[in-house]
Amino acid sequence: MGQLLRKNLPDSKSARHKSIMIKSFLVILVGVMALPLFGYLYAYMSPQTVQAAAKQETNPRANFWRVVREGNQGYTSASGPYTTEVLIQNGGENWRNLRNGPVSYYSTWWLAVALLIIGIFFIVRGRIKLEQRPSGRTVERWSLQERVLHWYTATLFIILTISGVSLLFGRAVLIPVFGLKGFSVYADFAIALHNYLGPFFVVGIALELISWIKHNIPNKTDWDWLKKGGGMIGRGSHPHAGRMNGGEKIWFWIIATVGLGVCITGLILDFPNFGQTRETMQLSNLIHTVLAVIWVSVAFGHIYIGTIGTEGAVEAMATGRVSVEWAKQHHDQWYEEVRGKAETEGASKVGRGAASPRGSSS
């Protein structure tokens, strides 16, 4: 059946080692992203932090600074996009209190709960294994172009997540570890890395949306797949699915909505030379942080399902091919389409005398 379906040779030791290395690498990356969260949670819940907050006294100059922050206008001879005639811009302190207060606090719990749910699900459900032993026949799942685009975007996503999360929680987690000077050096590097890689990441996201939107239009099959929990809850027959199942389509549309919001606000923050006001930058920063945390929490689930959660899933994006048994179990409708296309192409070639019917098999 041509290149669509083919018989593979038995796996070699190097192939198995490659698979183990890929899985281990992904697990390590998820762990690295999760570590700052637990450090921040410990720092916040420690008795010393609680006692210090209880003993904190009111600043005697608070009344003075309240008057300064009222926003009374004066005069300045300076010029520039951020220059105003107000001595103290009140929104800056409000933004700082929101970012370092409820946004950081609830983001920690949100991400920690997401990881906890995934951990509990893995303990209770275990890995979703193949119902039939692989026969050695495989089918192409992802082309080389699709895999390059995926790993390009995924790699940037991980780097931006680690740098962004460490900056969000850095004051509570990393300063006690590195000290002020050490964290300052790291923060300068992380900010530059985050800012410079951001636009390249946006390009990758845009290409993914354009390339895969035709495969992610919702239909009735997806609703039936969701009602059955995608075959991940309980035992029994696996629900039908096309090339993209209901879960993959949800992930796609989260990228197209939440992810797009992260990209747009990121570009606003990355290019202040277009004349955005301070208020716009502060609001964009808060929206960027909240949406990014939501996106990362869903990405935890996406990474889990695509690695240790489902047998054979990581090989699909690593090699581009999946076993016929995997395709039948998880994407049966798509497999039948590929099989029918291969048989049609094979029959066409035989009709022209270009191939032998013995070269096709299903």
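Right, let's talk about the overall build of the protein for a bit. Along its length, the protein carries 13 helices and 3 strands. Evaluated residue by residue, the protein yields a buried proportion of 38% over its 362 residues. Long-range contacts, defined here as pairs at least 24 residues apart, represent 78% of the contacts in the protein between residues at least 6 apart.

Here the focus is the pattern of salt bridges. As enumerated under the stated definition, the model contains 7 salt bridges in all. In this structure, the salt-bridge partner of R96 is E93, at a minimum N-O distance of 2.8 Å. With a gap of 3 residues between them, R96 and E93 both fall in helix α4 (residues 90-125), about one helical turn apart. We note a salt bridge from R339 to E336, for which the minimum N-O separation is 3.9 Å. Of this pair, R339 and E336 both sit in helix α13 (residues 332-351), 3 residues apart, which is roughly one turn of that helix. Residue classification places R339 among the partly exposed residues on the basis of a relative accessible area of 25%. Its relative accessible area of 44% is what places E336 among the partly exposed residues.

Let us now look at the layout of surface pockets. A water-sized probe, rolled over the atoms, reveals where empty space remains. One number sums up the size of the second largest pocket: a volume of about 1,100 Å³. Lining the second largest pocket are 40 residues, and of these G164, L167, H194, N285 and H288 sit closest to its centre. Mapped by element, the contributors of at least two residues to the lining of the second largest pocket are α4, α5 (144-168), α7 (175-212), α9 (246-270) and α10 (278-309). When residues of the lining of the second largest pocket are assigned to their parent elements, the largest contribution, 10 residues, is made by α7. Residue composition of the lining of the second largest pocket, grouped by class: 25 nonpolar, 10 polar and 5 charged.

This part takes up the confidence of the model for the protein. The pLDDT averaged across the protein works out to 81; a share of 70% of its residues lies at or above 70. When pLDDT is averaged over each element of the protein, α9 comes out on top at 96 and helix α2 (residues 47-55) at the bottom at 52. In the model, residues 352-362 has pLDDT below 50 throughout and makes 16 contacts with residues more than four positions away in sequence or in other chains.

For the rest of this paragraph, the subject is the packing of aromatic side chains. Summed over the entire model, instances satisfying the criterion amount to 10 aromatic pairs. Through a chain of ring-to-ring contacts, the aromatic side chains of F121, F122 and Y304 assemble into a single cluster. The ring of W334 is capped by R141, whose NZ or CZ atom sits 4.9 Å from the centre of that ring.

Relative to the helices and strands, G246 resides in helix α9. In sequence terms G246 and K220 are 26 residues apart; their C-alpha atoms lie 9.7 Å from each other.

α9 packs onto helix α8 (residues 220-227) with a crossing angle of 105° between their chain directions and a minimal axis gap of 8 Å. Between α8 and α9, the crossing angle belongs to the class labelled roughly perpendicular. Contact with α8, carried on its side by D222, W225 and L226, involves G246, G247, K249 and I250 of α9 and no other residues of that element. The residue inventory of the contact of α8 with α9, partitioned by class, reads 3 nonpolar, 2 polar and 2 charged.

Take the environment of M317 next. Its location among the elements puts M317 in helix α11 (residues 313-319). The spatial distance from the C-alpha of M317 to the C-alpha of W151 is 8.5 Å, given a sequence separation of 166 residues. Residue contacts for M317: discarding those within four places in its chain leaves W142, R147, H150 and W151.

Turning our eyes to something else, we now look at the nonpolar core. Counting residues in hydrophobic clusters, the biggest one holds 49 residues, and the most contacted among them are F201, I205, W295, F300 and V322. When residues of this core are traced back to their parent elements, those giving at least two are α4, α5, α7, α9, α10, α11, α12 (324-330) and α13. Broken down by element, this core gets its largest block of residues, 9 residues, from α7.

Attention shifts here to the packing of α4 against α10. At a closest axis distance of 10 Å, the pairing of α4 and α10 adopts a crossing angle of 10°. Looking at the two axes, α4 sits roughly parallel to α10.

In this section: α8. Where α8 begins, the side chain of N219 points an oxygen toward the backbone nitrogen of T221, at a separation of 3.1 Å. A positive phi of about 70° marks G229, the residue just after α8.

Rules behind the numbers
- Residues numbered from 1 in each chain as written.
- Predicted model: local features only at pLDDT ≥ 70, side-chain atom pairs only at ≥ 80, totals over all residues.
- Heavy atoms only, no water.
- Helix = DSSP H or I, 4+ residues; strand = E, 2+ residues; numbered from the N terminus.
- Buried < 20%, exposed > 50% of the residue type's maximum accessible area, 1.4 Å probe, protein only.
- Contact = heavy atoms within 4.5 Å.
- Salt bridge = Lys/Arg side-chain N within 4 Å of Asp/Glu carboxyl O.
- 1 Å grid on protein atoms, 1.4 Å probe; cavity = no way out; pocket = protein on both sides within 12 Å on 5 of 7 lines; lining within 4 Å.
- Points joined across faces, edges and corners; volume = space filled by probe spheres on them.
- Nonpolar A, V, L, I, M, F, W, Y, C, P; charged D, E, K, R; others polar.
- pLDDT = per-residue confidence, 0-100.
- Phe/Tyr/Trp six-rings, centres within 6.5 Å; stacked < 30°, edge-to-face > 60°.
- Lys NZ or Arg CZ within 6 Å of the ring centre and 35° of its normal.
- Axes fitted to C-alpha atoms, helices over the stretch in contact; angles between N-to-C directions.
- Parallel < 35°, antiparallel > 145°, perpendicular 65-115°, else oblique.
- Core = buried A, V, L, I, M, F, W, Y, C linked by side-chain atoms within 4.5 Å.
- Polar contact = N/O pair within 3.5 Å; in protein donor to acceptor, adjacent residues only side chain to side chain.

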